[in-house]
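These are the residues of each chain, in order.
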Amino acid sequence: MLRSAARAVLVIASTAASISAQTPADGLMMPKRTMMAGVVYARDSWREYWEGTLKRTNGNVGRVTTQSVTFAAGYAITDRIAVMAAMPYVSTHASQGVLSDMSGIQDLSVSAKYKFASVATESHGAFNAFVVGAAAIPMSDYTPDFLPLSIGTGGSRAAGRLILNYQTASSWFATASAAYTFCNNVRLNRNSYYTDGQLYLTNEVSMPNVFESSISAGYKRGRIHIPVSLTQQRTMGGGDIRRQDMPFVSNRMNFTRVDGSVAYALPGNLSVRFGAGHVLSGRNVGQSTTFTSGLFHAHRL
Amino acid sequence: MRIVFNRIAAASCAALIVATGCDKSVSPVEVLPPLEPSSLEPTAGSWSMILLTGPNQFTVAAPSSTTSPEYLAELEAIRTSQANLTSAQMRSIEYWSGGGVMRWNQILRELVARYNLPPAPRDEGGYPVPDADNPFGDPAFPFANPVYAARAYSYVSAAQYDALKSAWYWKYRYNRLSPAKNGTGIHAVMPISDLPSYPSEDAVISGVTVEMLKSLFPAALEEITLKAAEQRNAALWSGKATASDLAAGLALGKSVAATFLARAGTDGMRNAAGTTAQWQAMAAAVTARGEIAWTSRDIPARPPMLPLFGQVRAWMMTPANIVTERPGPPPSTSSQQMKDELGEVKRTVDNLSSSQLAIAQKWNDGAGTYSPPGHWNDVALEYVRDAKMSEVRAARVFALLNMAMDDAGVGCWEAKFYYYNPRPSQMDPSIKTKIGIPNFPAYPSGHSTFSAAAASVLSYLFPSGAGSFSLMRDEAGISRLYGGIHYRSDIDAGKAHGNRIATYTLNFAKNDGAP
């Protein structure tokens, strides 16, 4: 669930760019002095979720839908270094029950990507390696204390990512990536909360860090780019949602999800991208299905 | 734009800080410095009792003299313990030196928060009922909802208070000083006062509390028992009490608990859940008066929360008092006033500012929390701590506060189920709430009733905090309008009701002999 909003943003981060661009998580790099800007619409929804490890539905929320529109931009300073930024507007809705929708500008993320190794051969394709540094910070005072309808987790984060990419001579590619996210503590509007078997008499919540790994493979030739990926998120701490409790911001939110997308470059420096993803298994998250569509514009300065 | 840059700068700093490994751990409980009471309260043995017939209802036998071989052997045992204190034992001593009444209040709030979750619906529909004979099941027992919690806080606090007054009576009758003051070679690991140590106040508190909690939170038996034993050991290790001080205190505490548990067994709580026929009759009575009756907003619809809690015996009020003090009726569900108030709720939630949302969340104290009475215990504890109150004086504060809030719970529930008034979201389904919606009728607001009663009692006990308590009471009340779950009438009536209910406790407090 529960961080469906926050997770939607993760997904967006990896869809918020296209073939002529790149994302903080893929194995691509724009040519130098390329400027990219785009907008991505995402719709994520779930009816079943994991209360700890117990899969269930909940009549008091029904189906929870998170929609977002993300504005993204990037610029390749050189052929090896690019900077990117993304900021979503997120809205949530529960199909049943009395709980209010939430909406607002969520977190601004900025990242810098550096291609530190690149080996190309005539017959055996090319190997590329990247590191990415990223930071995110809430851009509005939305509440993280209304999950599953909060639009995010309300805390600043910093992440480091390593990406290894292999591109065959015949247009196929494979990418492996791992990221570790440091999450700053968040503050609630209340002076006590109970989580992970303990009452805390403070408004400060210790947020567990997050490890994410993914493998992807696909086809990229000319105007077409078709990746499919498997992503696993492991939260390094936090408690489970208690029986019939609301989710809590520092819950141990784990999931394994599969994603696929198709990107196509249109004439005039435009490109479009359509993607879909689905959570296969999880803990303290909704079993969500996500659809995204994005439009991007890129040009050399 | 400047804000954006500042935030990016802040994020970069944050990134640096976390990357260099700053400590993210959060301290879970309020810090309690070692208790050094400002007064020993030598007259506390004569203060009015709640349930006991007098301070000597349970006899504590005279202790052996400080020159007897038994006592000297006890001192020797302490000397041996103190020679080999481990760091774990030192942590226990430090923890309990903060004050037994306050520590148990923290533990009790934790238990309430742990058990304050409604049963999950069955797959086939409907809800299981928590079962005291199967406390470890799903659902767990109890569902420590606000009124269950109000009653639990009151029983534990009132029993501690009577037990400590009785302990004080015997302490000053026998006047045996603590081993650190009495024996040679025994040091006070933590500050130890000149309060006579027979019977030990720590053992009295542990004995009375553990018996009350075993009944109220049976599934937590093991940890409660361990905590209680730790408290007694800490008193021994620190040079505060001997084995016989502890044994006498433990026995006294348990005897007093038995008196309170006997009352608890017959106070009407076992029938508070009512039967379907009973609460349907309550709804029918309202419909017969031409009003719209409350229905559950939970999906699937859930039976109302303890609809007969209004019949449970209060502390300072008779059943007749409860009816006499009941607020007048809410605006008719067909009246213009109801329409206007409904419009106010709708406008408020649709245009809620972030500061209003913060207030709604601050006072929500809903499922999974220590409940509104727990919030007021949280507020009170800091005043008790800062006033450096002796254990018996601290127990008085929590007893008076929690008895008043329990009476508020009984009175409020009696009124709620008499009027059976619908929530705003029932009258206008387009009203969505910013906090969870409680599963019982709206009028009058429980938060307002609890908070007004609590603020009245605390203002009497801590006059310097009166202004602050009033602000908190008003904020707690209006928070329910901001949350979209109460009309203004509910809040106003609840506040006035809570004030009236508190006068019963205040009348007791003003004449209880405590200076």
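Sequence order as written defines the numbering, with residues in each chain counted from 1. Written order determines the labels here, with chains lettered from A and ligands numbered from 1. Since the coordinates come from a predicted model, pLDDT governs what is reported: local features require at least 70, and pairs of side-chain atoms require 80 or more to be given and counted, while whole-chain, interface and lining totals use all residues.

## A word on the overall build of chain A
Next, step 1: Put simply, DSSP H or I for four residues or longer makes a helix, DSSP E for two residues or longer makes a strand, and each gets a number counted from the N terminus. Along its length, chain A carries 1 helix and 19 strands.
Next, step 2: In this setup the radius of gyration rests on C-alpha atoms only. A globule is expected at 2.2 Å times the number of residues raised to 0.38. Relative to the 2.2 N^0.38 estimate, which gives 19 Å for 301 residues, the radius of gyration of chain A is 19 Å and therefore close to what a compact globule would have.
Next, step 3: Structurally, chain A occupies a C-alpha span of about 60 × 30 × 30 Å along its principal axes.
Next, step 4: Of the contacts made within chain A by residues no fewer than 6 positions apart, 64% connect residues no fewer than 24 positions apart. Two residues form a contact once the distance between their C-beta atoms, set from the backbone, is within 7 Å.

## Re the packing of helix α14 (residues 371-386) of chain B against helix α15 (residues 391-419) of chain B
All names here are of chain B.
Next, step 1: Two numbers describe how α14 lies on α15: the axes approach to 11 Å, and their chain directions differ by 155°. The angle between α14 and α15 places the two elements in the roughly antiparallel class. In the crossing of α14 with α15, the sense of the turn from one axis to the other is right-handed. Contacts between α14 and α15 involve Pro-373, Trp-376, Asn-377, Ala-380 and Val-384 from the former and Ala-394, Val-397, Phe-398, Leu-401, Asn-402 and Met-405 from the latter.
Next, step 2: Taken together, the residues of the contact of α14 with α15 break down into 9 nonpolar, 2 polar and no charged. Every angle, taken between N-to-C directions, lies between 0 and 180 degrees, and every axis is a line fitted to C-alpha atoms, over only the stretch in contact when it is a helix. Any angle that falls under 35 degrees is termed roughly parallel, while one over 145 is termed roughly antiparallel, one within 65 to 115 roughly perpendicular, and all others oblique. Left-handed describes a crossing whose near helix is turned anticlockwise from the far helix through less than a right angle; right-handed describes the clockwise counterpart. Polarity classes work like this: nonpolar for Ala, Val, Leu, Ile, Met, Phe, Trp, Tyr, Cys and Pro, charged for Asp, Glu, Lys and Arg, and polar for all others, with Gly in that last group.

## What about the nonpolar core?
Residue and element names in this part refer to chain B.
Next, step 1: What we call a nonpolar core is a set of buried Ala, Val, Leu, Ile, Met, Phe, Trp, Tyr and Cys residues whose membership is set by joining through C-beta atoms within 7 Å. Exposed residues have 12 or fewer other C-beta atoms within 10 Å of their own C-beta, buried residues have 20 or more, and partly exposed residues fall in between, where C-beta atoms are placed from the backbone. If you look at the biggest cluster of nonpolar residues, it comprises 204 residues, and the most contacted ones within it are Ala-159, Leu-401, Ala-404, Met-405, Ala-453, Ala-454 and Val-457.
Next, step 2: Per element, the largest residue contribution to this core is 18 residues, and it comes from α15.
Next, step 3: Where each domain begins and ends follows an automated or database-derived domain assignment. Taken together, domain 1 (44-62 + 73-121 + 136-265) and domain 2 (273-509) each give at least three residues to this core, which thus spans both.
Next, step 4: Leave out the neighbours within four places in its chain, and Ala-453 touches Ala-404, Met-405, Asp-407, Ala-408, Gly-498, Ile-501 and Ala-502.

## A short note on the interface of chain B and chain A
In many analyses, interface size is given as the accessible surface area lost on bringing the parts together.
Next, step 1: Across the contact, 46 residues belong to chain B and 40 residues belong to chain A.
Next, step 2: Only α1 (2-19), α4 (100-115) and α13 (354-362) of chain B provide two or more residues apiece to the side of chain B that touches chain A.
Next, step 3: In terms of residues, the side of chain B that touches chain A owes the most to one element, α1 of chain B, which gives 9 residues.
Next, step 4: Of the residues in the side of chain B that touches chain A, the class split is 23 nonpolar, 10 polar and 13 charged.

## Some thoughts on unusual backbone geometry
Next, step 1: Geometrically, the link from Asp-138 of chain B to Pro-139 of chain B is a cis peptide bond, its omega value of 5° lying close to zero.
Next, step 2: Even without a glycine there, the phi angle at Asp-196 of chain A is positive, about 55°.
Next, step 3: Among the structural elements, Asp-196 of chain A can be located in the loop between β12 (193-195) and β13 (198-200).
Next, step 4: Taking the number of C-beta atoms within 10 Å as the measure of exposure, Asp-196 of chain A has 16 and is therefore partly exposed.
Next, step 5: Despite not being glycine, Leu-306 of chain B shows a phi value in the positive range, around 40°.
Next, step 6: One can find Leu-306 of chain B in the loop between α10 (276-288) and α11 (319-324).

## With respect to the domain arrangement of chain B
Residues and elements named next belong to chain B.
Next, step 1: On domain assignment, one finds that chain B holds domain 1 (44-62 + 73-121 + 136-265) and domain 2 (273-509).
Next, step 2: Sorting the residues of the side of domain 1 that touches domain 2 by element identifies α4, α5 (146-174) and α7 (201-216) as the ones contributing at least two each.
Next, step 3: Broken down by element, the side of domain 1 that touches domain 2 gets its largest block of residues, 14 residues, from α5.

## A few points about helix α17 (residues 446-461) of chain B
Next, step 1: When the terminal C-alpha atoms of α17 of chain B are compared, their 23 Å separation across 16 residues agrees well with the 22 Å that a helix rising 1.5 Å per residue should span.
Next, step 2: In terms of burial, α17 of chain B is a largely internal element, 14 of the 16 residues being buried. A helix's residues, less one, multiplied by 1.5 Å, set its expected span.

## Looking at the pairing of strand β17 (residues 254-265) of chain A
Residues and elements named next belong to chain A.
Next, step 1: Pairing of strand β16 (residues 224-235) with β17, which is carried by 8 bridges, proceeds in the antiparallel orientation. Each bridged residue has a counterpart across the sheet, and for Gln-233 the counterpart in β17 is Phe-255.
Next, step 2: Counting the residues between successive antiparallel strands, the hairpin from β17 to strand β18 (residues 270-283) contains 4 residues, one of them, Gly-268, with a positive phi of roughly 80°. Two strands qualify as a pair provided that DSSP identifies no fewer than 2 bridges between them.

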